[in-house]
Amino acid sequence: MGDQMGLSAIDKILLLPIMGIEGAGDGQLRSMKEMFGSDDRFLFGYCLPNDIPDDKVADDVKRAMDSYDIQVLKIHPAVTGIDLSTQKGIARVESILDASRQTRLKVVIHGGRSPDCENVETMSYGTVNDLQHVDWSITSETIIIAHSGCFGHTFGEVQGEVLPMLNRLLRRHSNLAVDTSGVGFEVLCQILKTIDPQRIVFGSDSLYEVQWSVMVKLWCALEQTVSRPEDTLLRIASRNPANLISMAKSYAQQENRRVGGVCQSAGGLGL
C-alpha cells in the first residue's frame with residue numbers, strides 16, 4: 001500500500017473494512033491496528049456489525065473511537081444487509097447518522113448495486129433510488145457516496161437514471177459528496193461532466209483496483225472533460241478531501257477539550 005501511495009502521490013488513505021450480515025466483534029479493527037496503527041498515513045474506518053442495537057450505536061462508535069482511533073463510519077447496505085426500502089433499514093442508517101452527529105465522524109456509504117455480493121437478495125440495497133429514503137441531514141458531517149452511486153450500473157442507467165437522481169439528492173442535502181472509485185472510464189467522464197467538482201473526492205477502491213492506475217484514469221478523464229485538468233485534479237485529490245473529510249479527534253479528547261474535528265492536511269486522500 002505504501003508503494004502504491006508513493007506512485008500515486010497520495011499522503012493518506014482511509015482503510016474501510018466492511019462487516020457482513022453475520023459479522024461481529026472487533027477482529028478487523030484489531031488487525032488494522034496491529035498492521036497499520038503506528039503509521040499515520042493510514043486512517044481507520046469502522047463498519048458497525050448488526051448485533052449492535054440501534055439505540056446502542058452511538059455508544060459503540062464512541063468506544064471504537066477511543067480504542068482504535070476510527071475516523072470514519074463505513075456503511076455498505078448490500079454486504080451488511082441493510083434494506084433501505086424498509087423502515088427498519090432506514091432506521092439503522094439514521095442511527096449511524098445520529099452517531100456521526102454526536103461524534104463528528106464523517107460517513108462513507110456504498111452507492112450503487114453490488115453484483116458480486118454473495119447474497120443475491122441484497123445486491124441492490126445501496127442504489128441511489130434507496131439512498132433517497134434516508135434523512136442525510138441528521139448529521140452536518142460530510143457523507144461520501146462511494147462510486148458516485150454508479151457501481152454495477154450500465155452507462156445508460158448512469159446517464160438516464162442514476163446521475164439525475166443523485167444530483168437531486170445532492171441539491172437536497174448540502175453535506176453529501178461523492179467519490180470516483182470503482183467506475184469505468186465512460187462513467188467517470190459522465191460523473192465529471194455532471195457533478196460539481198467541489199462535491200467530488202478521489203477514491204481508489206484499493207485493493208480491488210490498483211491505486212496508481214486509478215489516478216491515471218482520473219487524469220485522463222479530466223483531460224477529456226474539463227478546461228483546467230490540473231486545477232480540478234488538485235481539487236478532487238487534495239483540497240476537497242482536506243476540506244470535506246477533516247478528521248475527528250477521539251471521543252475522549254473531544255469530551256475533555258470540547259473541540260471538534262481536526263483537519264488532516266493531505267496531499268491526497270484515497271478511499
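Please refer to the structure placed before this passage.
Bear in mind that the values here come from a model prediction, so they are computed numbers and not experimental data.

Novice: Honestly, the packing of helix α3 (residues 57–68) against helix α5 (residues 87–103) in this entry has me stumped. Any pointers?
Specialist: A pair of packed helices can be characterised by two numbers: the angle between their axes and the separation between those axes. Close contact between α3 and α5 brings their axes to 8 Å; oriented N to C, the two are set at 50 degrees. Classed by the angle they form, the pair α3 and α5 counts as oblique. Considering how the two elements wind past one another, α3 and α5 form a crossing that is right-handed. On α5, the residues that touch V57, A58, V61, K62 and M65 of α3 are R92, S95, I96, A99, Q102 and T103. Among the residues making up the contact of α3 with α5, the classes are represented as 6 nonpolar, 3 polar and 2 charged.

Novice: Would you mind showing me how to read a nonpolar patch on the surface here?
Specialist: There is a patch of nonpolar side chains on the surface, built from L7, V210, W212 and V216 and spanning about 380 Å² of accessible area. The topology assignment puts W212 in helix α9 (residues 211–225).

Novice: So what exactly am I meant to see when it comes to the environment of I138 here?
Specialist: Among the structural elements, I138 can be located in the loop between α6 (128–131) and β5 (143–151). Overall, the relative accessible area of 24% leaves I138 in the partly exposed class. Spatially, the C-alpha atom of I138 lies 20 Å from that of G45, the residues being 93 residues apart in sequence. What I138 contacts, discounting residues up to four positions off in sequence, is E94, L97, D98 and R101.

Novice: Just to check I follow, could you spell out the packing of α9 against helix α10 (residues 229–244) for this structure?
Specialist: Running from amino to carboxyl end, α9 crosses α10 at an angle of 135 degrees, the nearest separation of the two axes being 9 Å. Compared by their axis directions, α9 and α10 come out oblique. In the crossing of α9 with α10, the sense of the turn from one axis to the other is right-handed. Where α9 abuts α10, its residues M215, L218, W219, L222 and E223 lie against P229, E230, T232, L233, I236 and A237. Split into classes, the residues belonging to the contact of α9 with α10 amount to 8 nonpolar, 1 polar and 2 charged.

Novice: Would you explain the pattern of salt bridges in this entry?
Specialist: Opposite charge on two side chains makes pairing possible when the charged atoms of those side chains draw close. The final tally for this structure, using the stated rule, is 10 salt bridges. The residue D60 makes a salt bridge to R63 at a minimum N-O spacing of 2.9 Å. Pair noted here: D60 and R63 are both in helix α3, with a separation of 3 residues, about one helical turn. You can call R63 partly exposed: its relative accessible area is 31%. Note that D98 is salt-bridged to R101, the shortest N-O span being 2.8 Å. Linking D98 with R101, this pair stays in helix α5, spanning 3 residues, or about one helical turn.

Novice: How should I be thinking about the environment of L97 in this particular structure?
Specialist: Tracing the chain through its elements places L97 in helix α5. Taking the C-alpha atoms as reference, L97 lies 21 Å from T122; in sequence the two are 25 residues apart. In contact with L97, other than residues within four places in its own chain, are V107, V134, D135, W136, I138, T139 and I143.

Calculation criteria
Residues numbered from 1 in each chain as written. Predicted model: local features only at pLDDT ≥ 70, side-chain atom pairs only at ≥ 80, totals over all residues. Heavy atoms only, no water. Axes fitted to C-alpha atoms, helices over the stretch in contact; angles between N-to-C directions. Helix = DSSP H or I, 4+ residues; strand = E, 2+ residues; numbered from the N terminus. Parallel < 35°, antiparallel > 145°, perpendicular 65-115°, else oblique. Left-handed = near helix turned anticlockwise from the far one by under 90°. Contact = heavy atoms within 4.5 Å. Nonpolar A, V, L, I, M, F, W, Y, C, P; charged D, E, K, R; others polar. Patch = residues over 30% accessible without salt bridge, like charges linked within 9 Å, V, L, I, M, F, W, Y side chains within 5 Å. Areas by Shrake-Rupley, 256 points an atom, 1.4 Å probe, with all protein chains shown as cover. Salt bridge = Lys/Arg side-chain N within 4 Å of Asp/Glu carboxyl O. Buried < 20%, exposed > 50% of the residue type's maximum accessible area, 1.4 Å probe, protein only.

Scope: geometric values only; no functional claims are made or implied.
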